[in-house]
Amino acid sequence: MTQEELFKKLIAHSKEYGFIFPSSEIYDGLSAVYDYGQLGCELKNNIKKYWWDSMIKLHGNIVGIDAAIFMHPKTWEASGHLGAFNDPLIDNKDSKKRYRADVLIEEWIEKQKDKIKKEVDKAVKRFGDSFDEAQFVATNARVVELQTKIKETEDEMARTLGGNDLVGVKALIEKLEIVCPISGTRNWTDVRQFNLMFETKVGAAADGANTIYLRPETAQGIFVNFLNVQKSARMKIPFGIAQIGKAFRNEIVARQFIFRMREFEQMEMQFFVAPGTEMQWYEHWKAFRMRWHQALGFGAQNYRFHDHIKLAHYANAATDIEFDFPFGFKEVEGIHSRTNYDLSRHAEFSGKKITYFDTDKNESYVPYVVETSIGVDRMVLQVLSAAYKEELLENGETRTVLSIPAPLAPVKVAVLPLIKKDGLPELAQTIINSLKFDHNVQFDEKDSIGKRYRRQDAIGTPLCVTVDHQSLEDGTVTIRHRDTMAQERVAIDQLPALVNCIVSLNSLFAKLV
RNA sequence: GCGGAAGUAGCUCAGUUGGUAGAGCAUUAGCCUUCCAAGCUAAUGGUCGCGGGUUCGAGUCUCGUCUUCCGCUCCA
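Residues numbered from 1 in each chain as written. Chains lettered and ligands numbered in written order. Predicted model: local features only at pLDDT ≥ 70, side-chain atom pairs only at ≥ 80, totals over all residues. Heavy atoms only, no water.

Draft legend 1. Up close: the environment of Ile-492. The topology assignment puts Ile-492 in the loop between β23 (487–491) and α15 (495–503). For the pair Ile-492 and Leu-416, spaced 76 residues apart in sequence, the C-alpha separation works out to 13 Å. (Helix = DSSP H or I, 4+ residues; strand = E, 2+ residues; numbered from the N terminus.)

Draft legend 2. Quick peek at the nonpolar core. Core analysis: the biggest nonpolar cluster contains 60 residues, and Leu-43, Tyr-50, Trp-51, Leu-381 and Leu-408 have the highest contact counts within it. Ranked by residues supplied to this core, first place goes to helix α11 (residues 376–387) with seven residues. If we skip the residues at most four places from it in the chain, Leu-408 touches Leu-43, Asn-46, Ile-47, Tyr-50, Leu-296, Val-383 and Leu-505. Counting 20 residues, the second largest nonpolar core, distinct from the first, contains Leu-427, Ala-428, Ile-431 and Ile-479. (Core = buried A, V, L, I, M, F, W, Y, C linked by side-chain atoms within 4.5 Å. Buried < 20%, exposed > 50% of the residue type's maximum accessible area, 1.4 Å probe, protein only. Contact = heavy atoms within 4.5 Å.)

Draft legend 3. Highlighting the pairing of strand β21 (residues 463–467). Burial runs high along β21: five of the five residues are buried. Alternating residues of β21 divide into Leu-463, Val-465 and Val-467 and Cys-464 and Thr-466, and every residue in both groups is buried. Where strand β19 (residues 413–417) meets β21, five bridges bridge the pair, whose relative direction is parallel. When the sheet's bridge partners are listed, Ala-414 is paired in β21 with Cys-464. Where β21 meets strand β22 (residues 476–481), four bridges bridge the pair, whose relative direction is antiparallel. Its bridge partner lying in β22, Val-465 is registered against Ile-479. (Pairing = 2+ DSSP bridges.)

Draft legend 4. Quick peek at unusual backbone geometry. Of the consecutive residues Ile-237 and Pro-238, the connecting peptide bond is found in the cis state with omega at 5 degrees. For Pro-238, the position within the fold is in the loop between α8 (226–232) and β9 (239–248). In this model, Asp-422 sits at a positive phi of 65 degrees, which is unusual for a non-glycine residue. Secondary-structure assignment places Asp-422 in the loop between β19 and α12 (424–435). Unlike most non-glycine residues, Asp-447 shows phi in positive territory, near 70 degrees. Here Asp-447 lies in the loop between β20 (441–443) and α13 (449–459). For Asp-447, a relative accessible area of 35% puts it in the partly exposed group.

Draft legend 5. Structural view of the pattern of salt bridges. Inspection of every chain in the model, using the stated rule, returns 21 salt bridges. One salt bridge in this structure joins Glu-263 and Lys-246, with 2.7 Å as the shortest N-O distance. Here Lys-246 lies in strand β9 and Glu-263 lies in strand β10 (residues 263–273), a separation of 17 residues in the sequence. Take Glu-263: its relative accessible area is 33%, and that puts it in the partly exposed class. What makes Lys-246 partly exposed here is its relative accessible area of 28%. The shortest N-O distance in the salt bridge between Glu-371 and Arg-338 comes to 2.6 Å. Highlighted residues: Glu-371 in strand β16 (residues 368–375) and Arg-338 in strand β13 (residues 328–339), separated in sequence by 33 residues. Accessibility classification places Glu-371 together with Arg-338 in one group, the buried group. Three or more residues are tied together by salt bridges with common partners; here these are Glu-217, Arg-338, Asp-342 and Glu-371. (Salt bridge = Lys/Arg side-chain N within 4 Å of Asp/Glu carboxyl O.)

Pasting the structure below:
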């Protein structure tokens, strides 16, 4: 089976068993948007808990927040997200060249102004010799006509661009008969805005509603709260602020299942450090984050660092942790040394002082930031791709099994009466009652026992507890392990401790400290 | 954005020169009782992606459109 076939099967499996559905599927779906089903949601929650607790519980100097998705629009001016990405673009279909629509119109206006200048120059030159009233009137009329056209165009440009009326912008370009400087044709595409931020309006339209944005990253919610958290929690540098939340990017090309979605979830931690110490913390978090991934046991060979050579404007070091997905090594997480860029910019744009007084150094400074930022959805995909297997059994049959690490598995235990009479279902229910406060437990009495095992394998349940007639006599059950299919007989009253030992996140945390 | 392919039941698919939409699995209800899936009986489930057109009649022919997948391009 090729990697491509495996990926297709994984997508089908995810849908069939209730992990991930295409969004709004009854309306033919919405491109690059997906919903998490009953099992996907559990898996995702478990991943988030693994991450959150590994940050908050294991580190005395990291606290978590949950900032709003809506933020003051100035946030995005300060962060640099508004600006270069905000231009209306238009392509010429013949030359295949892309232009800024507003620049094309402005160039046209400049040309008209040149025409006026030429007319006037010509008139001045001519009337210096002999004044002709008829020619003067004609020249004047041409100039006034051009000026009127310029004024109309400027008004129309301001109206369409200001109101984000892209159809209007294109209509204007067509009306002005602007041609491509290279191909010389007027074969234009529609005007498109390649802004990665989604816009919406706050307030009633009649009152002059303001444009606000769905955040394209969660980080800014932490930066703008830096002083709130530092002061209210009495945090001393170095310290971190963690957050899990949705972010939104209007990607032009969004593909590969849940790898690149327009709405996605990030887990990120901004670690604030003294200037000059950022590189050592950068190395520290690189190592810690890699340990976090590898603790899941998918194999070290499936991970690698990809150090950035070309850095973003705010960073002085950056690396990605890449995982070997069915479609190749791709970024799951980024670790960036963001310098003091963000806090400085917010200080500048807000006019507030954002500094930290370091009592050890006895000086005040703008902290440097080391960021770890991981995509929850990519993490879900990592777990599913690593876990999905089709095994050939000794009897020649194949079984589909999701070897999800037990602490992340959506369902921890299935309790199965061997047959559905003689009081076996009732005993199974008693066992479920002893486990359900702590774990997600399923009951299943339909079909043969082998079939029920396979059903649980397909959704990644690590443990099956089977109740048989012997259970009624001596109070023992068999416990069957997903990956090895091995069975052992244990006392019912030992089950809670045994299950807890296998499915607890603690086994993962132990590898991190 | 360009090119290619696909879309029929929850899933995998069949559907003849255009003539009343099928199978297996799944699901549900019984029966049976067996520690590694497909025992018996019955039931449920489809405006054939959507919208026009041709035709007495369209899953089938035709045009458009949407969605998904693959490749290229673009973006980071």
